[in-house]
Amino acid sequence: MRDVTRNIFYWFRGPSGDGQVARRQLENNLTKSLITVLEHCDRKAVLAALLKKLKLRPSGDVAFSLQRRPVLAGTARNRVVLGVTGGETELAETSLKVEAGRPDAWIFADTWTILVEGKVGPRITSGQIKAHAKAVGWIPGSYRTICTSWHELYRMLRRAKTDIPARDQVSHLLLSHWLSYLENQNMTEFERLDAVDFDFPNLPEEERRALLPQSKKRLRAFAVALAKRSPVKRIAHLYAQSRPQQWKFGEPSAKPGRGLWFNIGGEPSHRSWHATVFYQPRGLAVTVLNSRNHLARRLCKTGVDGFRHVVEMAAVAKGVLVGCRRAWYHDPKSPFKGQHIARADELVLVEAHALDKGSRDAFALMLKNTMERLLTDRRWRTELHVRQDVPCGRLLPLPLGKQAALVADAADNLHPILRYLLES
């Protein structure tokens with residue numbers, strides 16, 4: 001039990017070092033964690049589930065090895081190369097020259113041997129599989145290749161957990177830790193927003209790099225779920241871009257400062273007033289803002305009445321914030337103003353519902369004057385900012401459908417304001 005506990009501690013240390021080292025360490029940790037679970041959990045429930053998938057007979061004499069090739073690895077006639085990926089379950093073709101490789105792990109018995117290769121990327125290539133088989137002397141045709149994903153293994157072993165006897169506390173504890181570990185590493189199918197989605201911007205650079213592919217997939221998966229909601233469909237209809245595949249997504253980076261977000265609507269929304277869902281440590285922020293300074297100037301030309309109308313519409317629902325901010329250009333000296341925004345600071349932000357009639361008029365005038373003053377400086381983009389936050393504390397306990405409903409309600413509150421700004 002002490003060795004098992006040590007293995008659990010090793011997994012949760014997380015990757016460190018530069019990008020490639022971090023990625024490889026995460027791959028190694030995932031494979032080691034899988035082998036530890038298969039070896040130390042109730043094998044009639046957990047290992048048997050994997051063997052059934054691979055069409056292998058259970059055996060009472062099973063051994064496990066990490067990276068080091070077992071002496072009798074080539075003696076079993078039934079040989080399987082198991083590739084585990086972070087996405088696709090089909091081998092990708094490759095034209096690269098096949099070089100010898102070193103498998104991550106082995107599982108073997110008298111009549112069969114399984115060579116395991118784990119990847120965090122979305123695919124594994126036929127060349128990689130051939131390289132690992134070649135390294136142990138397996139010629140083409142002497143083994144079967146089976147591809148699966150961490151998503152499928154997660155789903156399969158979560159089902160197997162129900163077959164473990166209640167008295168086997170070690171197996172339940174170990175498998176529960178493993179399932180949680182995959183959830184925390186974003187290596188499961190998207191089932192709902194999880195804490196890792198909001199933690200991503202604050203992770204160290206090497207961890208962000210390792211989790212980047214999965215984070216991008218999860219970003220799009222939630223957008224697909226949200227797109228099914230009527231309030232969001234109405235917003236997307238303003239741009240004639242109802243399919244989330246056409247929407248504009250941010251490109252998160254391993255570098256700090258570039259987080260997760262998507263516009264509800266396609267390229268037309270990105271060039272105009274748009275509704276954007278931002279992922280932040282505190283939760284999701286559904287925001288209406290302008291993409292260019294000329295839109296802010298056009299709003300200012302409507303006078304205080306235009307701002308008053310925005311504030312009045314925002315005051316209808318609780319929790320809608322109105323204000324303005326400076327979005328600093330990555331290179332303020334560049335004449336091109338479609339560039340990446342390096343950072344933003346909110347100078348004015350008020351919950352409109354909390355203001356009485358007189359205060360709303362005064363705030364509308366102050367907001368107009370503030371934006372006109374900010375528009376004189378070309379170092380930043382001056383943005384009207386209308387936002388409703390959906391705290392992660394409300395989101396995390398809910399299933400995906402109810403999470404999407406909460407965010408859609410926020411979008412519904414902002415829809416009249418967005419429509420007004422697009423038409424004015």
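This structure is a prediction, so every number in the text was calculated from the model and none was measured. The residue count restarts for each chain, going from 1 along the sequence in the order it is written. Local features in this predicted model are restricted to residues whose pLDDT is 70 or higher, and side-chain atom pairs enter the listing and the counts only when it is 80 or higher, whereas totals over whole chains, interfaces and linings include all residues. Excluded from the side-chain calculation are hydrogens and water; included are all heavy atoms of the structure.

The helix and strand labels rest on DSSP assignments: H or I over at least four residues marks a helix, E over at least two residues marks a strand, and numbering proceeds from the N terminus. Here the expected length of a helix is defined as 1.5 Å per residue gap, with one fewer gap than residues. Taking 1.5 Å of rise per residue, 24 residues should cover 34 Å, and helix α15 (residues 400-423) covers 33 Å from first to last C-alpha, within 8% of that figure. For α15, the principal kink sits at L414 and spans about 40°; a proline, P416, occurs within the next four residues. To get the bend at a residue, fit one axis to the 7 residues ending there and another to the 7 starting there, then take the angle between the axes.

Another point: the packing of helix α5 (residues 150-161) against helix α6 (residues 169-184). Packing of α5 against α6 leaves a shortest axis separation of 11 Å and a crossing angle of 150°. In terms of orientation, α5 lies roughly antiparallel with respect to α6. In the crossing of α5 with α6, the sense of the turn from one axis to the other is left-handed. In this structure, α5 uses W150, L153, Y154, L157, R158 and K161 to contact α6, whose residues at the interface are H172, L175, S176, W178, L179, L182 and E183. Here an angle of 0 to 180 degrees is reported between the N-to-C directions of two axes, which are lines fitted to C-alpha atoms, with helices fitted over the stretch in contact. Geometric relationships in this document are graded by angle, where less than 35 degrees denotes roughly parallel, more than 145 denotes roughly antiparallel, 65 to 115 denotes roughly perpendicular, and other angles denote oblique. Two helices cross in a left-handed way if the nearer one is turned anticlockwise from the farther one by less than a right angle. They cross in a right-handed way if the turn is clockwise. Whether two residues are in contact is decided by their heavy atoms: any pair within 4.5 Å suffices.

A separate point is the sheet that holds strand β3 (residues 105-108). The strand order β1-β3-β4-β2-β5 describes an open sheet built from five strands, whose pairing is mixed. Both edges of this open sheet fall to β1 (63-66) and β5 (144-149), since each of them pairs with a single strand only. The sheet shows a mean angle of 20° between the axes of neighbouring strands, direction not considered. In the packing of helix α4 (residues 126-135) onto the sheet, the strands contacted are β2 (78-85), β4 (112-118) and β5, and the crossing angle to β2 comes to about 140°. Pairing between two strands is assigned when DSSP locates at least 2 bridges connecting them.

Before going further, it helps to spend a moment on the pairing of β3. Exposure categories follow from relative accessible area, calculated using a 1.4 Å probe and restricted to protein chains: below 20% of the type maximum is buried, above 50% is exposed, and the middle band is partly exposed. Burial along β3 is two-sided: the face carrying A105 and I107 and the face carrying W106 and F108 are both buried. The pairing of β1 with β3 spans four bridges and is classified as antiparallel. From the neighbouring strand, F64 faces β3, where its bridge partner is I107. Where β3 lies against β4, four bridges are found, and the strand directions are antiparallel. Looking at the pairing, F108 lines up with T113 of β4. Linking β3 to β4, which pair antiparallel, is a turn of three residues.

In space, the six strands of this open sheet follow the order β6-β7-β8-β11-β9-β10, with antiparallel pairing throughout. The open sheet terminates on both sides in strands that have one partner only, identified here as β6 (261-263) and β10 (341-351). Neighbour-to-neighbour, the strand axes of the sheet open up by a mean angle of 30°, direction not taken into account. Bridging between strand β9 (residues 320-329) and strand β11 (residues 380-391) involves nine bridges; their strand directions are antiparallel. Along β11, the bridge assignment pairs L321 with R387. Most of the contacts of helix α12 (residues 304-314) go to β9, to which it runs at about 125°, and overall it touches β9 and β11.

Okay, the confidence of the model for the protein next. In this model, the protein carries a mean pLDDT of 86, and residues with pLDDT of at least 70 account for 89%. Considering each helix and strand of the protein separately, the mean pLDDT is smallest for helix α1 (residues 2-12), with a value of 47, and largest for α12, with 97. Long-range and interchain partners of residues 8-13, a stretch whose pLDDT sits below 50, account for 15 contacts in this model, where long-range means more than four residues apart. The quantity called pLDDT is the predictor's confidence in a given residue, expressed from 0 to 100.

This part takes up the packing of helix α9 (residues 230-237) against α15. Following both chains from N to C, one finds α9 and α15 inclined at 35°, their axes separated by 8 Å at the closest point. Our pair here, α9 against α15, has a crossing hand that is left-handed. For the pair formed by α9 and α15, the contact residues are P231, V232, R234 and I235 on the first element and A408, A411, D412, H415 and L418 on the second. Gly is put with the polar residues, along with every residue not named as nonpolar or charged; the nonpolar set is Ala, Val, Leu, Ile, Met, Phe, Trp, Tyr, Cys and Pro, and the charged set is Asp, Glu, Lys and Arg. Of the residues assigned to the contact of α9 with α15, the class counts are six nonpolar, one polar and two charged.

Before going further, it helps to spend a moment on the nonpolar core. Among the nonpolar cores identified, the biggest contains 66 residues, and F222, F262, L284 and L384 are the most heavily contacted of them. Looking at this core, the element that brings in the most residues is α15, giving ten residues. Ignoring sequence-local partners within four residues, the contact set of L284 consists of L193, F198, F222, V277, F278, Y279, Q388, D389, V390, L395 and V407. The next biggest cluster of nonpolar side chains, apart from the first, holds 44 residues, and it includes L30, A49, M156 and L182. Residue types Ala, Val, Leu, Ile, Met, Phe, Trp, Tyr and Cys, when buried and joined through side-chain atoms within 4.5 Å, form a set referred to as a nonpolar core.

Okay, the packing of aromatic side chains next. Side-chain rings of Phe, Tyr and Trp, where Trp is taken by its six-membered ring, are said to pair if the distance between their centres is within 6.5 Å; with planes under 30 degrees apart they count as stacked, over 60 as edge-to-face, and otherwise as tilted. Throughout the structure, instances matching the rule amount to seven aromatic pairs. A centroid spacing of 5.7 Å and a plane angle of 40° characterise the contact between F249 and F262, whose relative ring orientation is tilted. Of this pair, F249 sits in the loop between α9 and β6 while F262 sits in strand β6, and the two are 13 residues apart along the sequence. By the burial criterion, F249 is buried, and F262 matches it.

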